[in-house]
Every structure is written in structure tokens, then in C-alpha cells.
Amino acid sequence: MIEDNADIHQAVKVYKALGEPTRLKIALLLTEEKNLCCSDIGGKLESVAGSTLSHHLKQLTDCGLLTLRKDGTYIYYSVNRDMAQKYAPYLLV
């Protein structure tokens, strides 16, 4: 159970990020497929503009739900499974 203010603050950040339908779709997609770059994610979501997608990925990364790995000019995103397990275990089902 959540015990201190830091955990409560983190939970709010995660739930706020996942409260937007496109960000929830991104998180669900990345639980199924690891290490996708922005263009791969955009191709799978189809109806999201590149700048909007970048904003959503930043929100998910800032709350700690996504991790990123840079490889040259590409950034690859994956779900932070520890964070998902703690605050949003339904993503991992």
C-alpha cells in the first residue's frame, strides 16, 4: 500500500499520465512490444501527429512509466516494469 507523500505524489503523476486515452494506448502497446522508437509507435497508433506523440511520450517518461534508450538519433521506449507493477499492474496482464 502507498505509505508516504512521495509515493502518493508519484501515484498521482502516473495516474494523470494514464488518464489520457492516447497515453494509455501507448503504455499498453509498449507492454506488448519493447524498444519501439517514436516512428514505430506512431505507425502503430496511426492517428497521432508526431509532435503530439512526442508530448505523450515525454509525459509517460517524466512520470517514470517509460524508460528510454538513445541509439544515435533514435530514442527507443520501453515500459518501466517496476513502476508499472507498483502503480498500474493492470498494464502487465
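The chain appears in an unreviewed UniProt entry as Metalloregulator ArsR/SmtB family transcription factor from Cohnella silvisoli.

The next thing to look at is the overall build of the chain. Broken down by element type, the chain carries five helices and three strands. From first element to last, N terminus to C terminus, the chain shows the α and β order α-α-β-α-α-β-β-α. Relative to the globule expectation of 12 Å for 93 residues, the C-alpha radius of gyration of the chain, 13 Å, shows essentially globular dimensions. Its C-alpha atoms put the chain at 40 × 25 × 25 Å along the principal axes. Across the 93 residues that make up the chain, the buried fraction comes to 39%.

Below, the discussion takes up the packing of helix 1 (residues 5–18) against helix 2 (residues 21–32). Packing of helix 1 against helix 2 leaves a shortest axis separation of 6 Å and a crossing angle of 100°. When the axis of helix 1 is compared with that of helix 2, the two are roughly perpendicular. Along the contact surface, helix 1 presents Lys16, Ala17 and Leu18, while helix 2 presents Arg23, Leu24 and Ala27. Classifying every residue of the contact of helix 1 with helix 2 gives four nonpolar, no polar and two charged.

As a further point, take unusual backbone geometry. Trans peptide bonds make up the majority, and among non-glycine residues the majority have a negative phi. The phi dihedral of Asn35 falls on the positive side, at around 55°, and the residue is not glycine. By secondary structure assignment, the location of Asn35 is in the loop between helix 2 and strand 1 (36–37). Not every positive phi belongs to a glycine, and Glu46 is a case in point at roughly 65°. Position of Glu46 relative to the elements: it lies in the loop between helix 3 (38–45) and helix 4 (50–62).

We now examine the pairing of strand 3 (residues 74–79). Across two bridges, the pairing between strand 1 and strand 3 is antiparallel. Within the sheet, the bridge partner assigned to Cys37 lies in strand 3 and is Tyr76. Inspection of the sheet shows strand 2 (residues 66–71) paired to strand 3 by six bridges, in the antiparallel sense. Its bridge partner being in strand 3, Arg69 is matched across the sheet by Tyr76. Between strand 2 and strand 3, which pair antiparallel and follow one another directly, the connecting turn spans two residues, one of which, Gly72, has a positive phi of 65°.

About the cut-offs
- Residues numbered from 1 in each chain as written.
- Predicted model: local features only at pLDDT ≥ 70, side-chain atom pairs only at ≥ 80, totals over all residues.
- Heavy atoms only, no water.
- Helix = DSSP H or I, 4+ residues; strand = E, 2+ residues; numbered from the N terminus.
- Rg over C-alpha atoms; globule rule 2.2 N^0.38 Å.
- Buried < 20%, exposed > 50% of the residue type's maximum accessible area, 1.4 Å probe, protein only.
- Axes fitted to C-alpha atoms, helices over the stretch in contact; angles between N-to-C directions.
- Parallel < 35°, antiparallel > 145°, perpendicular 65-115°, else oblique.
- Contact = heavy atoms within 4.5 Å.
- Nonpolar A, V, L, I, M, F, W, Y, C, P; charged D, E, K, R; others polar.
- Pairing = 2+ DSSP bridges.

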